[in-house]
Amino acid sequence: MKRSFLFLLISFSISLWSSDFLTLSGSPSQGGILLGKVSSQIEIVLFDYEKVNVKDQRFLLGFERDAKLHHIITIVHKDGRMFSRRFQLRKREYPKQELTITKKEFVSKPKTKEFYERLKKESNELKAARKRLYQNQKQYFQEFLRPVNGGRISSEFGAYRIINDVPKKPHLGLDIALPIGTPVFAMADGKVELTGDYYYNGRFVLLDHGVGLSSIYIHLNKISVYDDDFVKMGDKIGEVGSTGRSTGQHLHWGVYLFETALDPQLILDFKENFVKIAAVEKIQQKQTKDKT
Ligand SMILES: [Zn+2]
């Protein structure tokens, strides 16, 4: 007679909620951006005790160049329970960069009334365009793409800059050196909010990706889109150039969440899942022993 014992380990879990209450993914870093997702049972999200604008259960958090390192995120469940997590950002070290600009019109600026009026007009136009981003509650973007193929990083986000021996504001975009005429693509779906040919920017395109996220492409040789056009991620929007206050052929790529400049290199990195507030799970384990 043959005897065998069959051991069955039956484990099953009953999830009271189908998904995690909150996940934050992206780059927890100064200059970084985090994408938050909450389950439908979460009613309120607070970041550093301030209410966050949640759209379709998603939200963005952006951290400026010198953002403080310690933060707290709080979620409030429909049933009134509150969960909080503290997290810390990575501190960045920024390089120092000395540049020489030889273009005549930038070495000695024309100090005429017309010149200052031009600067003022351009600055006001750009500010007004950025203000319009606040009104757009739509979210166009799904994912992000590097706007040019290849190229050498000639100036990093956050670099301290000394131009013609004069200390300037830190660099708040990413410079990628490439030959004139190299195609520039939209980093995500969006609307062309503003194009122009400005004294500092040269020819540029500002894209609105919705919910406060925007990208800007400056010093272009050619602009291939018009104001109010809708573009898809990867559509050609212009060509690399050296227009405006530029030290050579390159693309200056800027990414902003409202008025906060972010490091474009970090926006491409959304895989890391580093803060999670999980739904409560009840796990039961049962061991049965059958004799045959
Ligand atoms: Zn730049």
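What comes next is a walk through the structure. (Residues numbered from 1 in each chain as written. Predicted model: local features only at pLDDT ≥ 70, side-chain atom pairs only at ≥ 80, totals over all residues. Heavy atoms only, no water.)

## A look at unusual backbone geometry
Positive phi, normally seen in glycine, also occurs at Asp 48, with a value near 50°. Mapped onto the secondary structure, Asp 48 falls in the loop between β4 (42-47) and β5 (50-51). In this structure, Phe 258 is a non-glycine residue whose phi angle is positive, near 50°. Within the element layout of this structure, Phe 258 appears in the loop between β20 (250-257) and β21 (260-262). (Helix = DSSP H or I, 4+ residues; strand = E, 2+ residues; numbered from the N terminus.)

## Things to note about the nonpolar core
Ranked by size, the top nonpolar core spans 30 residues in total, and within it Met 187, Leu 213, Tyr 217, Ile 237 and Trp 253 carry the most contacts. Going through the elements one at a time, β3 (33-38), β13 (174-177), β16 (202-210), β17 (213-223), β19 (236-240) and β20 are the ones with two or more residues in this core. Val 45, Phe 59, Val 275 and Ile 277 belong to the second largest nonpolar core, which has 21 residues in total. (Core = buried A, V, L, I, M, F, W, Y, C linked by side-chain atoms within 4.5 Å. Buried < 20%, exposed > 50% of the residue type's maximum accessible area, 1.4 Å probe, protein only.)

## Examining the sheet that holds strand β22 (residues 273-277)
Here we have 4 strands laid out as an open sheet, ordered β6-β3-β2-β22, and antiparallel in their pairing. Across the chains shown, the open sheet's two edge strands, defined by having one partner strand only, are β6 (58-62) and β22. Between one strand axis and the next, the sheet turns by 20° as a mean value, whatever way the strands run. Bridge analysis of strand β2 (residues 22-26) against β3 gives 5 bridges, and the strand direction is antiparallel. In the sheet register, Gly 26 faces β3, and the bridge partner there is Leu 34. (Pairing = 2+ DSSP bridges. Axes fitted to C-alpha atoms, helices over the stretch in contact; angles between N-to-C directions.)

## Describing the sheet that holds strand β9 (residues 96-99)
Taken in spatial order, the 3 strands of this open sheet run β9-β11-β12, and their pairing is mixed. Each of the sheet's edge strands pairs with one partner strand only, and the pair in question is β9 and β12 (166-168). This sheet shows a mean twist of 25° between the axes of neighbouring strands, independent of strand direction. Pairing between β9 and strand β11 (residues 160-163): 4 bridges, direction parallel. If you follow Gln 97 over to β11, its bridge partner there is Arg 161.

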